[in-house]
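# Coordinates in review
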Amino acid sequence: METAKKTRKTPSLAIDSEIGQRAHMLIWSERRKQGDVAAQIGMSSGSLGLKLKGQRGWAIAELVSLAEALNTTVAYLVGETDQNGPNLPPSD
């Protein structure tokens, strides 16, 4: 019996690709190493590489850690805004 390879549906794949592209550009523009960013957010370089390529999905906690490590916002990473800026402290 042959098993079919499962592929994810388009909306999730498109968002994962957007996150990966934006994060990759931030890593590149800051001249950081992928392995260093991966270590900072608590994952292997290989796992981060798959996520940056849009081949693996992102957990919310990973997005928060990634945004913090890249000094940006989750809104920027997911394409909700094109304004890339440092994380602002939560307002009271």
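Before going into details, it helps to say that this report is about the structure given with it. Bear in mind that the values here come from a model prediction, so they are computed numbers and not experimental data. (Residues numbered from 1 in each chain as written. Predicted model: local features only at pLDDT ≥ 70, side-chain atom pairs only at ≥ 80, totals over all residues. Heavy atoms only, no water.)

### Looking at the environment of Glu-62
Which entries qualify depends on this criterion: Numbering of helices and strands runs from the N terminus, with a helix taken as a DSSP run of H or I at least four residues long and a strand as a DSSP run of E at least two residues long. Think of it in three bands: residues with accessible area under 20% of the maximum for their type are buried, residues over 50% are exposed, and the middle band is partly exposed, with areas taken using a 1.4 Å probe on protein chains only. Whether two residues are in contact is decided by their heavy atoms: any pair within 4.5 Å suffices.
Its place among the elements puts Glu-62 in helix α4 (residues 60-69). With a relative accessible area of 22%, Glu-62 lands in the partly exposed category. Taking the C-alpha atoms as reference, Glu-62 lies 8.6 Å from Gly-42; in sequence the two are 20 residues apart. Those residues in contact with Glu-62 that lie beyond four places of it in its chain are Met-43, Lys-51 and Gly-57.

### Things to note about unusual backbone geometry
Excluding glycine, a negative phi dihedral is what most residues carry, and trans is how most peptide bonds are arranged. If you check the backbone angles, Arg-31 has positive phi at about 55° while not being a glycine. Position of Arg-31 relative to the elements: it lies in the loop between α1 (10-29) and α2 (34-41). Its relative accessible area of 80% is what places Arg-31 among the exposed residues. Even without a glycine there, the phi angle at Asn-71 is positive, about 55°. With respect to the helices and strands, Asn-71 occurs in the loop between α4 and α5 (74-77). On the basis of relative accessible area, Asn-71 is assigned to the partly exposed category, the value being 46%.

### So, the pattern of salt bridges
We apply this condition: By salt bridge we mean one thing: a side-chain nitrogen of Lys or Arg within 4 Å of a carboxyl oxygen of Asp or Glu.
Enumeration according to the criterion identifies 4 salt bridges in this entry. When the shortest N-O distance is used, the salt bridge between Arg-22 and Asp-82 registers 2.6 Å. A residue pair is termed long-range when its members are at least 10 positions apart, and Arg-22 in helix α1 and Asp-82 in the segment after α5 qualify at 60 residues. In this structure Asp-82 comes out as exposed when scored by relative accessible area, which is 64%. For Arg-32, the salt bridge identified is with Glu-30, shortest N-O distance 3.7 Å. Judged by relative accessible area, Arg-32 falls into the partly exposed class, the value being 26%. Judged by relative accessible area, which is 36%, Glu-30 ranks as partly exposed.

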